[in-house]
Amino acid sequence: MQIEMTDFTDEDLDNYLQNQVDLRHRQVLKTVEEVQKVIQALTAEVSRKDGRFQSISNSGIHNDNVKDQPALIAKWSALLRGKSAFNPAIQVLTPTLFLVSVPVRGLSGYKERRARQWRYYTLSGSKLLSPVREPEKLHQWLELESFTTSCQEWHNSSVAIEGDIVPAKVGNLFKELLETSIESCNLTRKVSILESVGSVVRVAVETSELQVEVELIPTVELINCWPKKARWPRFFKRWPSKERARCSKSFGFNLMASSNYHWLLSFTRVEQVLMCSIDDDGGCRRKCYRVIRQLKEDIWCPGSKPVITAYHLQTLLMWTCEKYPGSKDWRNFKKSFLRLVKKLHKCVSQRYLRHFFVRGYNLLKYTNTIELDIMAKKISDFLENPGLYIH
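In this text the structure is predicted, and so the values were computed from the model without any measurement.

Draft legend 1. The arrangement of the nonpolar core in detail. Counting 109 residues, the largest nonpolar core has V214, F337 and F357 as the members making the most contacts within it. Those residues in contact with V214 that sit more than four places away from it in its chain are V35, I39, F98, V100, V201, R202, V203 and V205. Core analysis: the second largest hydrophobic core is formed by seven residues, V132, W141, I161 and Y261 among them.

So, in structure tokens, the structure goes:
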């Protein structure tokens, strides 16, 4: 039986956006508000027990380390005015999976150093005969000497070994504090700690509608500095503008305690600034991104632990903006949307998506290849007959 090819129009896309995507967006917004309230209460309680950890209400530009930089705070507020509904510490990876960076305090005046080559210690602090593996491209060691000031508690053996702040130790300490805070905040019926992978602390949060999984990661927020590994903006590229790139970089980067020995580089503040201003020229980039995210969650790669998350899609969009920087490239909604879908299909088929700031790192390096192949097939089916899905 021949399946009739159905096409779709810009109007169909707009209807899909209004009926499907906006509805989901409102639901996610409601969930984020509920989760934010709970996590804010818990992190405030953790902070009361141990001042090295801050409440998530102190994340990003509200971090204690930034209080003496009024110009930076004003710039951040101006850029995101009326555009960002979420707390900057919360990343929505899927409607039921959130990543929350928990800011730490007591470390300031960071300067990148040439790292010592080998570390011969275990997480308990005993000597190893062979060295610990060197960090990969997106990871690094973190030495107390990198900071001009570090409070005495960071030198304790509970979090440091031989001058290194060890993410697994920081994560363990945070987890213990979180367990007691769940009790002291009377949240045992709402929040439960899940089995953790590596040093990431995972909790399940009951909201009024559904259960959400939240990954909580202690994070060193480094404002006004930029890592050598991130060679960005790239020469001769027209997106973002030189001015926007310079401005974005001033918000710095994060180091997240997500593996045992090495800290993960993260650029959430810069990404937020780029995403918020992405359609200042009147383009349809964000609309394309939102429709693709909806299709991914409904059809191509559903589930609470998908191989492709909103973060991958955002990275893909930023690469596409760099390749197609002109406002005329983003006037035609349907054409722009299909171009982005084809780019996604290529990445998933080739199992390769470069990190936007640290180009040498493939974000799909450790991803389940079978699941990627299944997703590639679904996108391929979509591209053969998109009207079936968009009508």
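Draft legend 2. Up close: helix α8 (residues 333-350). Under the 1.5 Å per step criterion, the end-to-end length of α8 is 26 Å for 18 residues, consistent within 8% with the ideal 26 Å. Residues of α8 that are buried in the fold lie against α1 (10-49), α6 (285-300), α7 (310-323), α9 (369-384) and α10 (387-390). Once α8 ends, the next one or two residues include R351, with phi positive near 55 degrees.

Draft legend 3. Structural view of α1. Its 40 residues give α1 an end-to-end C-alpha distance of 54 Å, which sits within 8% of 58 Å, the value for a rise of 1.5 Å per residue. Maximum bend of α1: about 35 degrees, positioned at V21.

Draft legend 4. Examining the side chain of D164 more closely. Relative to the helices and strands, D164 resides in strand β7 (residues 164-165). Polar contacts involving the side chain of D164 include one to the side chain of R119, which spans 2.8 Å. Contacts of D164, omitting those with residues within four sequence positions, involve R116, R119, Y121, W141, L142, E143 and V159.

Draft legend 5. Expanded view of the state of the cysteines. A full pass over the atoms with the stated rule returns zero disulfides. Summary of cysteine pairing: C288 is not part of a disulfide, and the nearest cysteine sulfur, belonging to C284, is at 4.0 Å. Free cysteine: C321, not disulfide-bonded; nearest cysteine sulfur from C288 at 9.3 Å. We classify C321 as buried; its relative accessible area is 0%.

Draft legend 6. Seen up close, the packing of aromatic side chains. One pass over the full model with this rule turns up 20 aromatic pairs. Judged by centre distance (6.0 Å) and plane angle (40 degrees), the ring pair of W226 and W232 falls under tilted. Neither residue differs from the other here; W226 and W232 are each classed as buried. Judged by centre distance (5.2 Å) and plane angle (75 degrees), the rings of W300 and F382 are edge-to-face. Taken together, the residues W300 in helix α6 and F382 in helix α9 connect sequence positions 82 residues apart. Each of the two residues, W300 as well as F382, counts as buried. Among the aromatic side chains, those forming a connected cluster through ring pairs are Y110, F147, W226, W232, W239, F253, F267, W319, F356 and F357. Here the guanidinium or amino end of R119 rests over the ring plane of W141, the centre of that ring lying 4.2 Å away. Looking at K287, its charged tip hangs above the ring of F333, at a distance of 4.6 Å from the centre.

Draft legend 7. A look at the pairing of strand β1 (residues 90-94). Judged by how many residues are buried, β1 sits mostly within the fold: five of five residues are covered. The turn linking β1 back onto strand β2 (residues 97-103) is made up of two residues.

Draft legend 8. How the structure looks around the pattern of salt bridges. Evaluated as defined, the whole model comprises 25 salt bridges. Between R269 and E221 there is a salt bridge; the shortest N-O distance is 3.9 Å. Within this pair, whereas R269 is found in helix α5 (residues 268-276), its partner E221 is found in strand β10 (residues 211-222), the two being separated by 48 residues in sequence. For the pair R269 and E221, one class covers both residues: buried. Note that R351 and D373 form a salt bridge whose closest N and O atoms lie 2.7 Å from each other. On the criterion of sequence distance, the pair formed by R351 in the loop between α8 and α9 and D373 in helix α9 is long-range, its members being 22 residues apart. What makes D373 partly exposed here is its relative accessible area of 34%.

What counts, and where the lines are drawn
- Residues numbered from 1 in each chain as written.
- Predicted model: local features only at pLDDT ≥ 70, side-chain atom pairs only at ≥ 80, totals over all residues.
- Heavy atoms only, no water.
- Core = buried A, V, L, I, M, F, W, Y, C linked by side-chain atoms within 4.5 Å.
- Buried < 20%, exposed > 50% of the residue type's maximum accessible area, 1.4 Å probe, protein only.
- Contact = heavy atoms within 4.5 Å.
- Helix = DSSP H or I, 4+ residues; strand = E, 2+ residues; numbered from the N terminus.
- Expected span 1.5 Å × (residues − 1).
- Bend = angle between axes of the 7 residues up to and from the residue.
- Polar contact = N/O pair within 3.5 Å; in protein donor to acceptor, adjacent residues only side chain to side chain.
- Disulfide = S-S within 2.5 Å.
- Phe/Tyr/Trp six-rings, centres within 6.5 Å; stacked < 30°, edge-to-face > 60°.
- Lys NZ or Arg CZ within 6 Å of the ring centre and 35° of its normal.
- Pairing = 2+ DSSP bridges.
- Salt bridge = Lys/Arg side-chain N within 4 Å of Asp/Glu carboxyl O.

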